[in-house]
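In case you want the letters, here they are:
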Amino acid sequence: MSDSGKRVLLAEPRGYCAGVDRAIETVERALEKHGAPVYVRKEIVHNKHVVETLTERGVIFVEETDEVPEGALVVFSAHGVSPAVHASAAQRNLRTIDAACPLVTKVHQEAKRFARDDYEILLIGHDGHEEVEGTAGEAPEHIQLVDGPDSVDSLEVRDESKLVWLSQTTLSVDETMETVSRLRERFPQLQDPPSDDICYATQNRQVAVKAMAPDCDLVIVVGSQNSSNSVRLVEVALQAGARASHLVDYARDIDEAWLDGVSTVGVTSGASVPEVLVRGVLDRLAEYGFGTVETVTTANETLTFALPRELRPARSAG
Ligand code: 10G
Ligand code: SF4
């Protein structure tokens with residue numbers, strides 16, 4: 001600790017996950033290979049800085065495929081899309097590259113398989129989130145959304161003996177477990193997913209925040225307002241004992257008043273957040289006397305994903 005007693009605890013892991021890294025590289029490679037403009041349906045990841053930077057480089061972000069000119073190239077975001085979106089792109093003769101994270105695609109496959117076996121699927125997730133729309137679109141007749149523990153009581157199911165839960169990948173682990181236990185109280189025969197749907201990156205970032213939060217007067221989470229996993233980190237910090245926690249896009253969003261009477265500030269970032277933004281926050285905190293930084297490491301991440309097929313280098317013959 002510094003003489004002033006002021007210090008920063010920096011969570012590790014934080015920031016980019018393997019799926020985000022892959023999705024952003026997908027857009028960058030598509031720009032290199034095909035030239036601007038490249039269209040992207042929805043924000044490639046939920047981060048303002050990423051979207052602004054790619055826009056400056058010639059990416060045009062659209063809400064729906066009908067805004068893309070016939071025959072143009074469109075990338076689908078990391079959060080995944082429903083079959084209906086693929087179909088509408090095909091109808092407009094769009095060239096497509098799907099940057100859906102393989103761990104989201106895994107949940108789509110689970111949904112399809114359980115629907116094929118005539119299960120009813122209770123999909124735990126946030127209403128209106130793109131990932132949930134994509135997953136639910138795989139089997140709309142078989143899927144009901146469960147948006148948190150309080151929405152369990154109003155559910156009506158067809159056959160309690162053929163019921164399984166799946167989830168969005170970026171939820172709070174603790175809140176999801178609470179939702180599942182409420183579901184199980186109502187439906188004792190409820191089946192679990194074959195493997196974790198809340199992904200390794202979401203879980204690891206929450207574990208790291210939980211480890212440092214009890215020692216923090218304030219936890220600053222770098223991330224955008226529409227980033228589900230980043231917002232969850234603020235909630236987890238508060239639940240784990242941080243006295244205050246705020247989400248910021250940029251260092252300039254830090255309000256100096258937050259630092260009144262504070263000696264330990266925790267810093268972390270969501271899975272869609274470039275490290276340069278965290279550096280900016282650390283520099284700003286150093287200006288306020290928080291120059292001592294201690295890293296709190298709870299896991300080492302090594303996972304990477306191959307780029308989508310369309311962008312992999314061609315294999316040389318021989
Ligand atoms: O946390 P959400 O799902 O809102 O997305 P994000 O873009 O902020 O972070 C990366 C996570 C995904 C691409 C969803 S699997
Ligand atoms: Fe994939 Fe998890 Fe990252 Fe989503 S948060 S892109 S599921 S690794």
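What you see is a predicted model, and the numbers here were worked out from it, not measured in a lab.

Summing up its helical and strand segments, the protein chain has 9 helices and 12 strands in all. With the principal axes as the frame, the protein chain shows a C-alpha extent of 65 × 55 × 40 Å. In the protein chain, buried positions account for 52% of the 318 residues. Considering only intrachain contacts with a sequence separation of at least 6, the fraction spanning at least 24 residues in the protein chain is 76%. Per element, the accessible surface of the protein chain, about 14,400 Å² overall, is 46% carbon and sulfur. Treating the 31 positive side-chain charges of the protein chain as one cloud and the 52 negative ones as another, the clouds have centres 6 Å apart.

Around ligand 2 sit Cys17, Gly19, Cys101, Leu103, Thr169, Thr170, Cys199 and Tyr200, and that is every residue in its neighbourhood. The site holding ligand 2 turns out to be the largest cavity.

Attention shifts here to the sheet that holds strand β8 (residues 163–167). Ordered by their spatial adjacency, 3 strands build an open sheet running β7-β6-β8, and the pairing between neighbours is parallel. Two strands in the sheet have a free side with no partner beyond their single neighbour: β7 (143–146) and β8. Neighbour-to-neighbour, the strand axes of this sheet turn through a mean angle of 30 degrees, independent of strand direction. When strand β6 (residues 120–124) meets β8, the two strands line up parallel, connected through 5 bridges. Paired with Ile124 across the bridge in β8 is Ser167. Strands β6, β7 and β8 of the sheet are contacted by helix α4 (residues 102–116), whose axis makes an angle of about 165 degrees with β8.

Let's shift gears to the environment of Val104. Checked against the element boundaries, Val104 lands in helix α4. Looking at Val104, the relative accessible area reads 5%, which means it is buried. Among residues more than four places away in sequence, those in contact with Val104 are Ala78, His79, Gly80, Glu131 and Thr169.

Let us now look at the layout of surface pockets. Its boundaries defined by the atoms lining it, the largest pocket holds a volume of some 200 Å³. Along the walls of the largest pocket sit Arg22, Thr96, Ile97, Asp98, Ala100, Pro102, Thr105, Pro308, Arg309, Glu310 and Arg312, which together make up its complete lining. Counting only elements with at least two residues in the lining of the largest pocket, the list comes to β5 (95–98) and α4. Top contributing element to the lining of the largest pocket by residue count: β5, with 3 residues. The residue inventory of the lining of the largest pocket, partitioned by class, reads 4 nonpolar, 2 polar and 5 charged.

Let us now look at the nonpolar core. Judged by nonpolar contacts, the single largest core of 24 residues is most densely connected at Val27, Ile44, Val45 and Val75. Looking at this core, the elements with two or more residues in it are α1 (18–34), β2 (38–41), α2 (48–56) and β4 (73–76). For this core, the element with the highest residue contribution is α1, accounting for 6 residues. Leave out the neighbours within four places in its chain, and Val75 touches Thr26, Val27, Val38, Tyr39, Val40, Arg41, Ile44, Ile97 and Ala99. Leu218, Val248, Val262 and Leu282 belong to the second-largest nonpolar core, a separate cluster that totals 20 residues.

Taken together, 15 residues lie around ligand 1, and His46, Ser227, Ser228, Asn229 and Ser272 are the ones closest in. In the model, an oxygen atom of ligand 1 is placed 2.7 Å from a nitrogen or oxygen of the Ser272 side chain. A total of 390 Å² of accessible area belongs to ligand 1 in isolation, and the protein chains cover 96% of it. In a pocket analysis with a 2 Å cut-off to the grid points, ligand 1 is assigned to the largest cavity.

To continue, consider the UniProt feature "active site" (unreviewed entry) in the protein chain. When the UniProt feature table is mapped onto this chain, "active site" (unreviewed entry) is found at Glu131. Along the chain, Glu131 turns up in helix α5 (residues 130–136). When residues no more than four places from it in sequence are discounted, the contact partners of Glu131 are His79, Val104, Ser167, Gln168, Thr169 and Thr170.

Further remarks concern the sheet that holds strand β11 (residues 264–269). Spatially, 5 strands are ordered β10-β9-β11-β1-β12 in an open sheet, and the strand pairing comes out parallel. Unpaired on one side and paired on the other, β10 (245–248) and β12 (293–297) mark the two borders of the sheet. Across the sheet, the axes of successive neighbouring strands diverge by a mean angle of 25 degrees, strand direction being ignored. Contacts between helix α9 (residues 275–287) and the sheet are confined to β1 (7–12), β9 (218–222), β10 and β11, with β11 contributing the most and set at about 165 degrees to the helix.

On to the pairing of β1, then. For a regular strand, the rule is simple: side chains alternate between the two faces of the sheet. Most of β1 is tucked away: 5 of the 6 residues are buried. Across 4 bridges, β1 lies against β11 in parallel orientation. Bridging from a neighbouring strand, Leu10 pairs with Val267 of β11. As paired elements, β1 and β12 share 5 bridges and run parallel to each other. Bridge pairing in β12 links Leu10 to Thr295.

What counts and what doesn't
Residues numbered from 1 in each chain as written. Chains lettered and ligands numbered in written order. Predicted model: local features only at pLDDT ≥ 70, side-chain atom pairs only at ≥ 80, totals over all residues. Heavy atoms only, no water. Helix = DSSP H or I, 4+ residues; strand = E, 2+ residues; numbered from the N terminus. Buried < 20%, exposed > 50% of the residue type's maximum accessible area, 1.4 Å probe, protein only. Contact = heavy atoms within 4.5 Å. Areas by Shrake-Rupley, 256 points an atom, 1.4 Å probe, with all protein chains shown as cover. Lys, Arg positive; Asp, Glu negative; His and termini not counted. Charge placed at Lys NZ, Arg CZ, Asp CG, Glu CD. Near = heavy atom within 4 Å. 1 Å grid on protein atoms, 1.4 Å probe; cavity = no way out; pocket = protein on both sides within 12 Å on 5 of 7 lines; lining within 4 Å. Sits in = over half its atoms within 2 Å of the grid points. Pairing = 2+ DSSP bridges. Axes fitted to C-alpha atoms, helices over the stretch in contact; angles between N-to-C directions. Points joined across faces, edges and corners; volume = space filled by probe spheres on them. Nonpolar A, V, L, I, M, F, W, Y, C, P; charged D, E, K, R; others polar. Core = buried A, V, L, I, M, F, W, Y, C linked by side-chain atoms within 4.5 Å. Polar contact = N/O pair within 3.5 Å; in protein donor to acceptor, adjacent residues only side chain to side chain. UniProt positions renumbered as here; feature names shortened; annotations may be inferred.

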